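Residue-level structure breakdown
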Amino acid sequence: MQTRIIMLADFDYFFAQCEELRNPTIKDKPVVVGVYSGRTEDSGAVSTSNYIARKYSVKSGMPLFLAKRKLEGTDAVFFHVDHEYYDQISSSIMDIFRQYATSIEQVSIDEAYLDVTEQVEGNFEKAREYAQKIKVHVKAQVGITFTIGVGPNKLVAKIACDSQKPDGLTIVRAEDAKVFLAPLPVDRLLGVGKKTTQRMEQMGIKTISDLAKYDCQRLIEVFGKILGIYFHNAANAVDNEPVQEQGEAESISKIGTLKQDTHDLEFILQKTDELTEFVYKEVTEKAYSFKTISVYVVNIDLSSKSRSVTLEQPAKDKETIKRNVRMLFEKYLAESELDVRRVGVRVSGFSKEEHRQRQLTNFF
Ligand code: DCP
Ligand code: CA
Ligand code: CA
């Protein structure tokens, strides 16, 4: 098999950088983006912060009041998260990535793998120039900086990316990959959490090189076949996972229990409205259109039923879900005399037309 060339791009201090983008005057100040719980003025947690705020040891996940305290006396600026805005920026960058790679795999709002093997003809030197070119393009068109790790597979690209931020570019050639990983602690590998790290430490495994040398059979005995083999391969910089767009969900659904058993339509619809909010949020995040809307019912005797309706045209709005959920429940309650205990809302039959359209428009 030809050596692959895989990139991982990870946007720098993403939410905070998005805020800097629309408020250029704050660029030289500490910037914190937080999720405010609303209980008191400062309750909530830090989502992320720019690198200036990080100098004051502000970290993601930290309580906001603590971040405020650490930044006391500075001209720090605080923002509420604005997912919609960050999503827009993220999709416009992903659209640019698609022009540069044979396949891309978005793994989160601010990260994507790119398979650029063909584009750079399997050459790591060319990959360096190519990565620069993508960075310049995104910076010019969207205004965001990001860090790129390049390697012979996703595993190495990811660790390369993490090794130098922000605005970094780290290249690890296939022949250097093992040596690159060797001195790092095992928890840098995906899937090695606290518990596994402890277990490995008991086995005398601290670094990735310790793990690479460890008897594979013994790893299988301790961690089971799938994980054992994965750890062995990962430590040896072996990873054959393709870069592929993550399987689009077949359906999105949410089920909930009613506060009391009932046969009352309006009471049920109060609950399904909540469930619809959740489903709708997921659908819009993924930019899906849907064609089928279903409801799910668990009756007091624990029998369950579902009912669906398929639309003539794909839809993507909340009202369409709500209207059809109401219609399905009206019909269902007319047919069944049992009180209802749990209800669910599901949408399926997805398409991403919208998204493709937007890509094309951007392209031209
Ligand atoms: N995020 C969050 N809560 C966390 C961690 C992250 O809300 N505990 C959000 C905000 C981040 C985004 O996810 O901007 C991406 O997370 P990263 O871990 O990639 O962190 P950043 O992009 O903020 O910083 P870095 O420059 O270290 O990548
Ligand atoms: Ca990031
Ligand atoms: Ca990230």
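Residues numbered from 1 in each chain as written. Chains lettered and ligands numbered in written order. Predicted model: local features only at pLDDT ≥ 70, side-chain atom pairs only at ≥ 80, totals over all residues. Heavy atoms only, no water.

So, the pattern of salt bridges
In this structure the tally under the stated criterion is 23 salt bridges. A salt bridge links glutamate 335 to arginine 307; the nearest nitrogen and oxygen atoms lie 2.8 Å apart. Of this pair, glutamate 335 sits in helix α13 (residues 318-335) while arginine 307 is found in strand β11 (residues 304-315), placing the two residues 28 residues apart along the sequence. Via salt bridges that share partners, Glu19, Arg22 and Asp82 belong to a single interconnected network. (Salt bridge = Lys/Arg side-chain N within 4 Å of Asp/Glu carboxyl O. Helix = DSSP H or I, 4+ residues; strand = E, 2+ residues; numbered from the N terminus.)

A few points about the coordination of the calcium ion (ligand 3)
Within the protein, the atoms that donate to the calcium ion (ligand 3) are Asp10 (OD), Asp110 (OD), Asp110 (OD) and Glu111 (OE), at distances of 2.3 to 3.1 Å. Between the calcium ion (ligand 3) and the calcium ion (ligand 2), a spacing of 3.6 Å is present, and a bridge between the two is formed by aspartate 10. Taken as a pair, aspartate 10 in strand β1 (residues 6-11) and aspartate 110 in the loop between β5 (103-108) and β6 (111-115) lie far apart in primary sequence, 100 residues in all. Among the residues examined, aspartate 110 registers a relative accessible area of 15% and is labelled buried. (Donors = N, O, S within 2.8 Å, 3.2 Å for Na, K, Ca; no water. Buried < 20%, exposed > 50% of the residue type's maximum accessible area, 1.4 Å probe, protein only.)

Observations regarding the packing of aromatic side chains
Across all of its chains, the model carries 13 aromatic pairs by this definition. Measuring from centroid to centroid gives 4.4 Å for phenylalanine 15 and tyrosine 86, while their planes differ by 20 degrees, and the two rings are stacked. Placement of phenylalanine 15 in helix α1 (residues 14-22) and of tyrosine 86 in helix α4 (residues 83-100) is noted, with a sequence separation of 71 residues between them. What makes phenylalanine 15 buried here is its relative accessible area of 13%. Using a relative accessible area of 0% as the deciding quantity, one classes tyrosine 86 as buried. (Phe/Tyr/Trp six-rings, centres within 6.5 Å; stacked < 30°, edge-to-face > 60°.)

Here's the deal with the site of ligand 1
Near ligand 1, the surroundings consist of 13 residues, among which Tyr13, Ser47, Thr48, Tyr51 and Lys165 are the closest. Its free accessible area being 550 Å², ligand 1 has 68% of it covered by the protein chains. When grouped by side-chain class, the residues that make up the shell around ligand 1 number five nonpolar, three polar and five charged. (Near = heavy atom within 4 Å. Areas by Shrake-Rupley, 256 points an atom, 1.4 Å probe, with all protein chains shown as cover. Nonpolar A, V, L, I, M, F, W, Y, C, P; charged D, E, K, R; others polar.)

Considering the sheet that holds strand β9 (residues 251-262)
Read from one edge to the other, the open sheet built from four strands follows the order β9-β12-β10-β11, with strand pairing classed as antiparallel. Among the strands making up the open sheet, the edge pair consists of β9 and β11. Put simply, the sheet's adjacent strands are angled 15 degrees from each other on average, direction ignored. One ladder, built from eight bridges, connects strand β10 (residues 290-299) with strand β12 (residues 340-348); its direction is antiparallel. Opposite valine 297, over in β12, you have valine 343 as the bridge partner. Docked against the sheet, helix α12 (residues 265-285) engages β9, β10 and β12, running at close to 160 degrees with respect to β9. Against the sheet, α13 touches β10, β11 and β12, its axis set at about 40 degrees to β10. (Pairing = 2+ DSSP bridges. Axes fitted to C-alpha atoms, helices over the stretch in contact; angles between N-to-C directions. Contact = heavy atoms within 4.5 Å.)

Comments concerning the sheet that holds strand β3 (residues 44-49)
Pairing in this open sheet of three strands is mixed, and the strands run β3-β2-β4 from one edge to the other. Two strands close off the open sheet at either side, each with one partner strand: β3 and β4 (77-80). Taking the axes of each pair of neighbouring strands and ignoring which way they run, one obtains an average angle of 35 degrees across the sheet. Here four bridges tie strand β2 (residues 31-36) to β4, and the two strands are oriented parallel to one another. Within the sheet, the bridge partner assigned to valine 33 lies in β4 and is phenylalanine 79. Against the sheet, α1 makes contact with β2, β3 and β4, and its axis sits at roughly 115 degrees relative to β2, the strand it touches most.

What about the environment of methionine 7?
With respect to the secondary-structure elements, methionine 7 resides in strand β1. Residues methionine 7 and valine 150, spaced 143 residues apart in sequence, show a C-alpha to C-alpha distance of 4.5 Å.

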